[in-house]
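One-letter residues, chain by chain:
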Amino acid sequence: MTDMFTEEEVEAARVLFARPATFIMGCAKIEQLPEPDLPEVAFAGRSNVGKSSLINGLVGMHKLARASNEPGRTREVNFFDLDGKMRLVDLPGYGWAKASKGEVKRFQNLGRDYLRGRVTLKRVYLLIDSRHGLKKVDDEALDALDEAAVSYQIVLTKADKLKKGEAEAMGEKTLKAVSKRPAAYPFVAVTSAEKGHGIPELRAEIMRTTGVVL
């Protein structure tokens, strides 16, 4: 991914994501969403895949998005403003062990409604734990993204937990698995929020995708 961006793009993205980032609101109903007046990118994934850590890593803050030891804590659509330039959106996780079927369905539907009706949504980044790769539980999310015709990109997380070369091999395997899906962006990002691996390039990817300029 490094050679996909110039040094200037990576530096511009670093400057952008170093600007103030703030939590705006958490929405439990589609009617509560903020006005679609800024470009948005959303982050989705199984519970405990590292969404909060990745968002925090992108903006260089430890506690903007709240990480939890309780998987599936994110049950709203959470919006973060990046200096009035764009919004980062944390979608409800999936694959929870500690939630009733009715509750799970409610926030799954909330996520689907957001995907279908958000005109300013530029891309969804679907996070996958690099140690495990795509699982059966991810199929429903992939199908929902394809059905909504929303561009999405797979982001492998926790790459620092693998041996050298294993994360890249998982990236190639994952790309092959989604290569025929109509809305999948044809590149898999490999990241580690803990070590910072892949974060500068992902910032540049988001900046390019949203069209934000400084």
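It should be emphasised that the depicted structure is a prediction, and the values quoted were computed from it without experimental measurement. (Residues numbered from 1 in each chain as written. Predicted model: local features only at pLDDT ≥ 70, side-chain atom pairs only at ≥ 80, totals over all residues. Heavy atoms only, no water.)

1. A look at the packing of helix 2 (residues 51-59) against helix 6 (residues 199-210)
Helix-helix packing is characterised by the crossing angle of the two axes and by the distance between the axes. Contact geometry of helix 2 with helix 6 gives a least axis separation of 10 Å together with a crossing angle of 85°. The angle between helix 2 and helix 6 places the two elements in the roughly perpendicular class. On helix 6, the residues that touch Leu-54, Gly-57 and Leu-58 of helix 2 are Ile-199, Leu-202, Arg-203 and Ile-206. Per-class residue counts for the contact of helix 2 with helix 6 are five nonpolar, one polar and one charged. (Axes fitted to C-alpha atoms, helices over the stretch in contact; angles between N-to-C directions. Helix = DSSP H or I, 4+ residues; strand = E, 2+ residues; numbered from the N terminus. Parallel < 35°, antiparallel > 145°, perpendicular 65-115°, else oblique. Contact = heavy atoms within 4.5 Å. Nonpolar A, V, L, I, M, F, W, Y, C, P; charged D, E, K, R; others polar.)

2. As for the pattern of salt bridges
Evaluated as defined, the whole model comprises 18 salt bridges. As a salt-bridge pair, Arg-208 and Glu-9 come within 3.0 Å of each other at their nearest N and O atoms. Of the two residues, Arg-208 is situated in helix 6 and Glu-9 in helix 1 (residues 7-17); the sequence distance between them amounts to 199 residues. Relative accessible area serves as the criterion here: at 40%, Arg-208 is assigned to the partly exposed category. Assessed through its relative accessible area of 28%, Glu-9 is described here as partly exposed. The residue Glu-40 makes a salt bridge to Arg-87 at a minimum N-O spacing of 3.1 Å. Taken together, the residues Glu-40 in strand 2 (residues 40-45) and Arg-87 in strand 4 (residues 86-90) connect sequence positions 47 residues apart. Judged on exposure class, the residue Glu-40 and its partner Arg-87 are both buried. (Salt bridge = Lys/Arg side-chain N within 4 Å of Asp/Glu carboxyl O. Buried < 20%, exposed > 50% of the residue type's maximum accessible area, 1.4 Å probe, protein only.)

3. Comments concerning the environment of Asp-3
Residue placement: Asp-3 occurs in the segment before helix 1. The spacing of Asp-3 and Glu-201 is 198 residues in sequence and 9.1 Å in space, taken between C-alpha atoms.

4. Section: the sheet that holds strand 6 (residues 152-157)
The sheet built from seven strands is open, its strands ordered 1-3-4-2-5-6-7 with mixed pairing. Only two strands of the sheet have a single partner each, and these edge strands are strand 1 (21-27) and strand 7 (189-190). Examined bridge by bridge, strand 6 and strand 7 share two bridges and lie parallel to one another. The partner of Leu-156 across the bridge, within strand 7, is Val-190. Helix-sheet contacts for helix 2 involve strand 1, strand 2, strand 3 (77-82), strand 4, strand 5 (121-129) and strand 6, and the interaxial angle to strand 2 is about 145°. (Pairing = 2+ DSSP bridges.)

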